[in-house]
Amino acid sequence: MISQVVVSVVCTVLNPQGCDGRGSTPVPAGWEAGSALQCAFAPNAPGFLLFTPAHREVVPRPGYRLGEAQVRMQWIVRFRCTGLSFLPVVPYEVRAYGYVLDVAEQACSG
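Treat the numbers as computed from the prediction; the structure is a model and nothing was measured.

Draft legend 1. Highlighting the pattern of salt bridges. For the structure on display, the rule yields six salt bridges. Salt-bridge contacts for R56 lead to D102; the nearest nitrogen and oxygen are separated by 2.9 Å. Here the residue R56 occupies a position in strand β4 (residues 55–60), and D102 occupies one in strand β6 (residues 89–107), the gap between them amounting to 46 residues. Given a relative accessible area of 32%, R56 falls into the partly exposed group. Residue classification places D102 among the buried residues on the basis of a relative accessible area of 3%. Where E105 meets R61, a salt bridge forms, and the shortest distance between an N and an O atom there is 2.4 Å.

Draft legend 2. Seen up close, the pairing of strand β5 (residues 64–81). Note that strand β3 (residues 48–52) and β5 share four bridges and pair antiparallel. When the sheet's bridge partners are listed, L50 is paired in β5 with I76. Here 16 bridges tie β5 to β6, and the two strands are oriented antiparallel to one another. Each residue of the ladder has a partner; that of I76, found in β6, is R95.

Criteria and thresholds
- Residues numbered from 1 in each chain as written.
- Predicted model: local features only at pLDDT ≥ 70, side-chain atom pairs only at ≥ 80, totals over all residues.
- Heavy atoms only, no water.
- Salt bridge = Lys/Arg side-chain N within 4 Å of Asp/Glu carboxyl O.
- Helix = DSSP H or I, 4+ residues; strand = E, 2+ residues; numbered from the N terminus.
- Buried < 20%, exposed > 50% of the residue type's maximum accessible area, 1.4 Å probe, protein only.
- Pairing = 2+ DSSP bridges.

Shown next as structure tokens:
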């Protein structure tokens, strides 16, 4: 118990800002297409599109520490074949699919 307190105090004195050498890097927003539906008039149309919003992901970065994180929702759009030549594919479902964390970084002072 006493050794844990001593270690905690020493760490706080040596590293007062809690600088753990982790920062963040931007990741652009993007769409990921699923496998092809194989519709008669649009054989290469995707079965779904997954949208991932722009966010910042954690990476090793000396001189930085992690800041606050926010949740960014991912969205999925699912498609189906219609059988019509003038409109071969239509979206039939749009919903939240998951999330990514947008993690800010803070420069360590000193």
